[in-house]
Amino acid sequence: MSDSAVLHIKGRVLAGPDDVRDGLWVVGGRVSYERPAGARDVTTIEGWALPGLVDAHCHVGLDAHGAVDEATSEKQALTDREAGTLLIRDAGSPADTRWVDDREDLPRIIRAGRHIARTRRYIRNFAHEIEPEDLVAYVAQEAKRGDGWVKLVGDWIDRETGDLASCWPRGAVEAAIAEAHRLGARVTAHCFAEESLEPLVSAGIDCIEHATGLTEETIPLFAERGVAIVPTLVNIATFPQLAAGGDAKYPRWADHMRRLHERRYDTVRAAYDAGVPVYVGTDAGGSLAHGLVAQEVGELVKAGIPAVEALSATSWGAREWLGRPGLTEGAPADLVVYEADPRADVRVLGTPRRVILRGRVVG
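Numbers given to residues run from 1 along each chain, matching the order in which its sequence is written. At least 70 in pLDDT is required for a residue's local features to be given in this predicted model, at least 80 for side-chain atom pairs to be given and counted, and no such filter applies to totals for whole chains, interfaces and linings, which use all residues. The side-chain numbers reported here are obtained from all heavy atoms of the structure, hydrogens and water having been left aside.

K.L.:
Which residues make up the sheet that holds strand β4 (residues 42-51), and what values go with them?
P.N.:
Here a strand pair is declared whenever DSSP counts at least two bridges between the two strands. Strands are runs of DSSP state E lasting at least 2 residues, helices are runs of H or I lasting at least 4, and numbering of each runs from the N terminus. Strand order in the open sheet formed by seven strands is β3-β2-β1-β4-β18-β19-β20, with mixed pairing between adjacent strands. The sheet is open, and its two edges are formed by β3 (30-32) and β20 (360-361), each paired on a single side. Strand direction decides the pairing type here: β4 and strand β18 (residues 335-338), joined by four bridges, are antiparallel. In the strand pairing of β18, alanine 49 is matched with valine 337.

Here is the structure:
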């Protein structure tokens, strides 16, 4: 499609949960709600349009063994794009993916730099592995390398106790989060366990990944402070398999993981009901496949979050949270077109009719 070509999305445009418009135009790669005068070379696409979907916990440039090459990273990003994911918050990667920014055909990425973990307390080859006295310096380093986010590993298995345990002393995370905020970055943390949450939230953290350890005591604190969660339920579905693999050596940890899995839907629904912001993330990369955003939206609905709110968690609301535009006048034309209204059935997200990135039809 040439730069002078015009796209006409003929149908219903979901510019917001309650803002439904009769079609839009794509002119010069940007959204317009006014028919361009003298438009020629017009391509018409019919259907229901949403802003490009958001995967707020994704890892481009990472697989189960660590950093991957550019060809593999490209395949990961293209798989996400084909699923309608056009905006990714990369929640930690050891690979340098800045080259993606120069590719007009790949999703936009908001990076958190590389994970920061305690020594021997995370997956090998994923993170900077450091001790608490170095946490502030590494947070400052990753704040400067990232796109406004820093990723901590808040808890992991402690092999001495044989169970999940917090990784950082309270004072260390307080100083580190303060430094990130001073540098204009937000902080998120991987957390499965219960005990790691209160110190991080009290220290001013902005988001928690997974958040399976939320309880009646900590949910109100999250709501009061406006701390978001990205539940990654498609990842939490793997807990029973992980537990089975660790039964013999770490039975306490395995039992804990099973309990967290069993109450996962209740945990997410209780957080949502309390007013905790919830966003869609798949944890793609690592050991999970890319392109699972539709499944994660379905999991949020299964947990009891209303369909429109689950859609917002991967579209309007998620984009606002990350500071990126949706389908507003003059915004870059990143959108996905479906055959039916996804508000009526979120399973529609699994079969995009057309994917439009930077004003070009790419899928």
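K.L.:
I'd love a proper account of the packing of aromatic side chains, names of residues and values included.
P.N.:
Two rings from Phe, Tyr or Trp (for Trp, the six-membered ring) form a pair when their centres are within 6.5 Å of each other. A pair whose planes differ by under 30 degrees is stacked, one over 60 is edge-to-face, and the rest are tilted. On inspection of all chains with the given rule, the structure shows six aromatic pairs. Between tyrosine 122 and phenylalanine 126 the ring centres are 6.1 Å apart and the planes differ by 75 degrees, which places this aromatic pair in the edge-to-face class. Three labels apply to residues, based on accessible area from a 1.4 Å probe with only protein chains included: buried if under 20% of the type maximum, exposed if over 50%, partly exposed otherwise in between. A relative accessible area of 4% means that phenylalanine 126 is categorised as buried. For the ring pair phenylalanine 192 and phenylalanine 239, a centre distance of 4.9 Å and an interplane angle of 75 degrees mean the geometry is edge-to-face. With phenylalanine 192 in the loop between β15 (186-191) and α4 (197-202) and phenylalanine 239 in helix α7 (residues 239-246), the pair connects residues that are 47 residues apart, well separated along the chain. With respect to burial, phenylalanine 192 and phenylalanine 239 carry one shared label: buried. Chaining the aromatic ring pairs together yields one cluster made of Tyr122, Phe126, Trp156, Phe192 and Phe239. Sitting over a ring, as applied to charges here, requires NZ of Lys or CZ of Arg to be within 6 Å of the ring centre and within 35 degrees of the ring normal. For arginine 89, the ring lying beneath its charged end belongs to tryptophan 149, and the centroid distance is 4.6 Å. Against the face of tyrosine 265 rests arginine 264, its NZ or CZ located 4.2 Å from the ring centre.

K.L.:
So what's going on with the pattern of salt bridges? Residues and values would help.
P.N.:
One side-chain nitrogen of Lys or Arg within 4 Å of one carboxyl oxygen of Asp or Glu is enough to make a salt bridge. Counted according to the given criterion, the structure contains 24 salt bridges. Note that arginine 103 is salt-bridged to aspartate 105, the shortest N-O span being 2.8 Å. On the basis of relative accessible area, arginine 103 is assigned to the partly exposed category, the value being 24%. Classification of aspartate 105 by relative accessible area gives partly exposed; the value is 27%. Between arginine 353 and glutamate 339 there is a salt bridge, and its shortest N-O distance comes to 3.7 Å. Of the two residues, arginine 353 is situated in the loop between β18 and β19 (354-357) and glutamate 339 in the loop between β18 and β19; the sequence distance between them amounts to 14 residues. Here arginine 353 falls in the partly exposed class, since its relative accessible area comes to 32%. According to the relative accessible area criterion, glutamate 339 is exposed, its value standing at 59%. One network of salt bridges, in which partners are shared, links Arg98, Asp101, Arg111 and Asp147.

K.L.:
Can you lay out a positive patch on the surface for me, pointing to particular residues and giving the numbers?
P.N.:
There is a patch of like positive charges on the surface, built from Arg120, Arg124, Arg159 and Lys249. Considering the arrangement of structural elements, one finds arginine 124 in the loop between β10 (116-118) and β11 (128-130). The class for arginine 124 is exposed, based on a relative accessible area of 69%. Each patch is built from residues that are more than 30% exposed by relative accessible area and take part in no salt bridge. Like charges join if they lie within 9 Å; nonpolar side chains (Val, Leu, Ile, Met, Phe, Trp, Tyr) join within 5 Å. The protein chains shown are the only cover counted for residues, whose accessible areas, like all others here, come from Shrake-Rupley with a 1.4 Å probe. We score Asp and Glu as negative and Lys and Arg as positive, and we do not count His or the chain ends. A charge is said to be at NZ when it belongs to Lys, at CZ for Arg, at CG for Asp and at CD for Glu.

K.L.:
Pulling in residues and values, what's your account of helix α9 (residues 264-273)?
P.N.:
Taken together, the buried positions of α9 are occupied by Arg264, Tyr265, Thr267, Val268 and Ala271. Taken down its axis, α9 places every buried residue within 165 degrees of arc, on the same side. Turned more than 90 degrees from where α9 packs its buried face, Asp266 and Asp273 sit exposed. Throughout, a contact is declared for two residues whenever any of their heavy atoms are within 4.5 Å. Tucked inside the fold, the buried residues of α9 contact α5 (219-225), β17 (228-230), α6 (233-236), α8 (251-262) and α10 (293-302). One or two steps after α9, the chain reaches glycine 275, where phi turns positive at roughly 95 degrees. What the arc describes is the spread of directions from the helix axis to the C-beta atoms.

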